[in-house]
Amino acid sequence: MSATVGLDRDTLDMMLESLQEFVAAALPDERLLELDHDDVCPEETVRAMCGEDLGVQLVFVPEEYGGLGGGAFDSYRVCERLARIDIGLATAVFATFLGSDPILIGATDEQRKEWLGRIAEEGILFAYGATEPEAGSDLGAMKTTATPVTTDGRVTAYSITGRKQWISNGSIADAYTVLALAPAGPSWFVVEKGTAGFSAAPPEDKHGIRLSNTAALFLDDVVVPADHLIGGEEGRGLTQAQQVFGYTRVMVGAFGLGGGWSALDRAIDYSLNRIQGGAPLASKQGYTHKLIVPHAVRLEAARAFLEETASRIDAGEGAGGALNTEGAIAKYLATEAGNAAAEAAIQAHGGYGYTRDYMVEKIKRDVRITMIYEGTSEILEMTIARDRWQQHLKTSGAYYRDMARGPAGVGDDVGGPTAALALECLAAVFEACRVGHLTRNQHVLLRLGELTAYAECAGALARRAAAAAAGALPEKADTRFTAAALAAVSRVFAREAALKVAEEGLRWVSGADAGADLGATLPLERVRAAQAGLLADMNQVADALYGREA
């Protein structure tokens, strides 16, 4: 049994409970709706959460700089809990840790002591200044420049000029990490609030996360000392940014997970009391099996991959951006599932769900951003597909056939063989695309990214369900479902993944006029046969969600 990385279970539980109690007292639902309506960030509450009143910021800061040294698993649990309360509030808190990531990854020890120490001791707020109006997520296309200022032939400062867009905490942060193009290449700088020439635009009037302050930044010959160049060496900015994508995308994935579950739980509660046709909606398959169960299943598939990836990061695998693709898969499915769950929750409330008096309407607007920031779903599809395409080519098609052996061995009771079937089908689809040169079609490549996420998450969920059955889940894992219920959840998702990969893979290969007969290669009869028992398993998941388990 490996030693616990980060917080122990009791400390994490205490932090989660304290967080829930603190925010519930400061921001009850009525206040959240009021702030959303007025488009106001509760800055005082954010600062109190990152101060002596709560100290949530300590989870994200290493012990040597005054924090608690929480790991990726701890951060995922905290981010999910924050998002269950309010994704805008979660964004405001997380922005500090996103903003300090370039410091944690690339700074000198003196810089870490200075800035991470101030986050821990003073609770200062950070912002992450990377995105630009025209470049968007393409950091290599930025136009913000950093010109060296020399004194007696030595660089003593940098003059930064440019504009940043969509910056969380843009108007309220105390310090900013800003990516700018120095002579040797993109580089990160720390810019403090109040520096001459540095200003923020009025907050954006956003569709959702209206409790998060989002604003453009303007830098007009902003002079910062040379020791504010993170790491003391120019040209390392993009590398430093790439090194944290696996971690940060897991955290934003946790936002999608938390938002989706918050909406779904409200729909579950509503259906227990809403009577239609003489019985509560909770008793009707037409309600539960369309609007509740499928979304709970996808959210838990995403959780399985999030927890696996967080555990691997804590084990040291994420160094140098090694788990960027896994982070992309985790964020992709969690945010897509969270958005779909919130949409279903509105439908589940009927006309009430469409009104601003009900939180599900707000949650839907809030969770939508998770599919855009920290990498849009389309960028993630491309990231996933490109990496896994290279793996397929390097292994002569064995990558997913080999991966299928894992879930195939965990047992039919948790859907392992069906999850393995999804991965086998994915291998066949990739190979058909190779033979037909189909990845020249960008849309086909992106669809491979989607299918990959489903198949790999099915494998992760089967492993998680098997671990639950063996009493071997990670110490700090979420335990909402019993082992038996989680096994049913896994079986339902494995069927969906296998069918999706086979049928949609066949659709796009045939649709691209590949000439290859993928239908003869895919085990379609096995995929269809695997759907047997689906309705019974959905009944079991519904019973678990509604507390009706025997």
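Values in this document were obtained by computation on a predicted structure and should not be read as measured data.

1. Looking at empty space enclosed by the protein
- Tallied over the entire structure, the rule returns three cavities of 30 Å³ or more.
- Empty space within the largest cavity amounts to approximately 60 Å³.
- Residue contributions to the lining of the largest cavity peak at four residues, all from helix α11 (residues 359–367).
- Grouping the constituent residues of the lining of the largest cavity by class yields five nonpolar, two polar and four charged.
- Residue contributions to the lining of the largest cavity reach at least three from each of two domains, namely domain 1 (9–125) and domain 3 (239–368).
- Its boundaries defined by the atoms lining it, the second largest cavity holds a volume of some 40 Å³.
- Forming the boundary of the second largest cavity are V429, C433, V444, R447, L448, L451, E504, G505, W508 and V509.
- In the lining of the second largest cavity, the residues fall into seven nonpolar, one polar and two charged.

2. Quick word on the side chain of H228
- Note that H228 resides in the loop between β7 (214–225) and α7 (237–242).
- Overall, the relative accessible area of 12% leaves H228 in the buried class.
- At a separation of 2.9 Å, a polar atom in the side chain of H228 contacts the main-chain carbonyl oxygen of V190.
- If we ignore the near neighbours within four places in the chain, the residues touching H228 are Q111, W115, W188, F189, V190 and E192.

3. Quick notes on the packing of helix α12 (residues 377–394) against helix α14 (residues 416–435)
- Put simply, α12 and α14 touch, their axes get as near as 11 Å, and they point 85° apart. Looking at the two axes, α12 sits roughly perpendicular to α14. Between α12, through R388, W389, H392 and L393, and α14, the contact on the second element is made entirely by A427, F430, E431, C433 and R434.
- Broken down by class, the residue content of the contact of α12 with α14 amounts to five nonpolar, one polar and three charged.

4. A closer look at the packing of aromatic side chains
- Evaluated as defined, the whole model comprises 13 aromatic pairs.
- Aromatic side chains F94 and F255 sit 5.7 Å apart centroid to centroid with 80° between the ring planes, which places their arrangement in the edge-to-face category. Here F94, found in helix α5 (residues 87–106), pairs with F255, found in helix α8 (residues 245–273); they are 161 residues apart in sequence, far enough to count as distant. This pair shows no difference in class: F94 is buried, exactly as F255 is.
- Aromatic side chains W115 and F126 sit 6.1 Å apart centroid to centroid with 90° between the ring planes, which places their arrangement in the edge-to-face category. With W115 in helix α6 (residues 109–122) and F126 in strand β1 (residues 126–129), the pair connects residues that are 11 residues apart, well separated along the chain.

5. Observations concerning the nonpolar core
- In terms of nonpolar packing, the biggest core is built from 172 residues, with M49, V56, V78, Y287, I292, F493 and L545 touching the most fellow members.
- Per element, the largest residue contribution to this core is 16 residues, and it comes from helix α15 (residues 442–469).
- By size, the runner-up hydrophobic cluster in this structure holds 18 residues, among which are A127, A180, L219 and V222.

6. Examining the domain arrangement of the protein
- The domain boundaries assigned to the protein delineate domain 1 (9–125), domain 2 (128–234), domain 3 (239–368) and domain 4 (377–546).
- For domain 1 versus domain 4, the separation of C-alpha centres amounts to 35 Å.
- The interface of domain 1 with domain 4 comprises seven residues on the first partner and six residues on the second.
- Roughly 610 Å² is buried in total at the junction of domain 1 and domain 4, and carbon and sulfur atoms are behind 44% of that figure.
- Of all residues in domain 1, R9, F73 and R77 give up the largest surface area on contact with domain 4, accounting jointly for 70% of the area buried on that side.
- At the junction of domain 1 with domain 4, the criterion picks out one salt bridge.
- Here K476 ties to D74 by a salt bridge, and the two come within 2.8 Å at their closest N and O atoms.
- Applying the counting criterion to the domain 1 and domain 4 interface returns three residue pairs in polar contact (both at pLDDT 80 or more).
- Looking at the side of domain 1 that touches domain 4, the elements with two or more residues in it are α1 (9–26) and α4 (72–85).

7. A closer look at helix α13 (residues 399–408)
- Those residues of α13 lying buried are Y399, Y400, A404 and P407. One side of α13 carries all its buried residues, which in axial view fall inside an arc of 125°.
- Summarising the contacts, the buried residues of α13 are in contact with α12, α14 and α15.

Reading guide: rules and limits
Sequence positions are assigned chain by chain, starting from 1 and proceeding in written order. Selection of residues for local features in this predicted model requires a pLDDT of at least 70, selection of side-chain atom pairs for listing and counting requires 80 or more, and totals for whole chains, interfaces and linings are taken over all residues. With hydrogens and water stripped out, all remaining heavy atoms of the structure feed into the side-chain values. Two kinds of site are reported from a 1 Å grid over the protein atoms alone, namely cavities, where a 1.4 Å probe fits but cannot get out, and pockets, open sets with protein on both sides within 12 Å along at least five of seven lines, and residues are called lining when an atom falls within 4 Å of a point. Grid points are joined across faces, edges and corners, and a volume is the space filled by probe spheres set on the points. Working definition: helices are DSSP H or I runs of at least four residues, strands are E runs of at least two. Numbering for both runs from the N terminus. Following the grouping adopted for this structure description, the nonpolar residues are Ala, Val, Leu, Ile, Met, Phe, Trp, Tyr, Cys and Pro, the charged ones are Asp, Glu, Lys and Arg, and the polar ones are all others, Gly among them. Note that domain bounds follow an automatic or database assignment of domains. Here the term buried applies to any residue with accessible area under 20% of the maximum for its type, exposed to any over 50%, and partly exposed to those in between, with areas from a 1.4 Å probe on protein chains only. The term polar contact refers here to a pair of N or O atoms within 3.5 Å; inside protein, the definition further demands a hydrogen-donor-capable atom paired with an acceptor-capable atom, and it admits residues adjacent in sequence only when both atoms are side-chain atoms. Any two residues whose heavy atoms approach within 4.5 Å are treated as being in contact. For every element, the axis is a line fit to its C-alpha atoms; helices are fit only across the contacting stretch, and the angle between N-to-C directions ranges from 0 to 180 degrees. Note on terminology: angles under 35 degrees are roughly parallel, angles over 145 are roughly antiparallel, angles of 65 to 115 are roughly perpendicular, and the others are oblique. Working definition: a ring pair exists when centres of Phe, Tyr or Trp rings (six-membered ring for Trp) sit within 6.5 Å. Plane angles under 30 degrees give stacked, over 60 give edge-to-face, the rest tilted. Buried residues of nine kinds, namely Ala, Val, Leu, Ile, Met, Phe, Trp, Tyr and Cys, make up a nonpolar core once their side-chain atoms join them within 4.5 Å. When two components associate, each loses some accessible surface as probed by a 1.4 Å sphere; the sum of these losses over both components is called the buried area. For salt bridges, the criterion is a side-chain nitrogen of Lys or Arg within 4 Å of an Asp or Glu carboxyl oxygen. The directions considered for the arc are those from the helix axis to the C-beta atoms.

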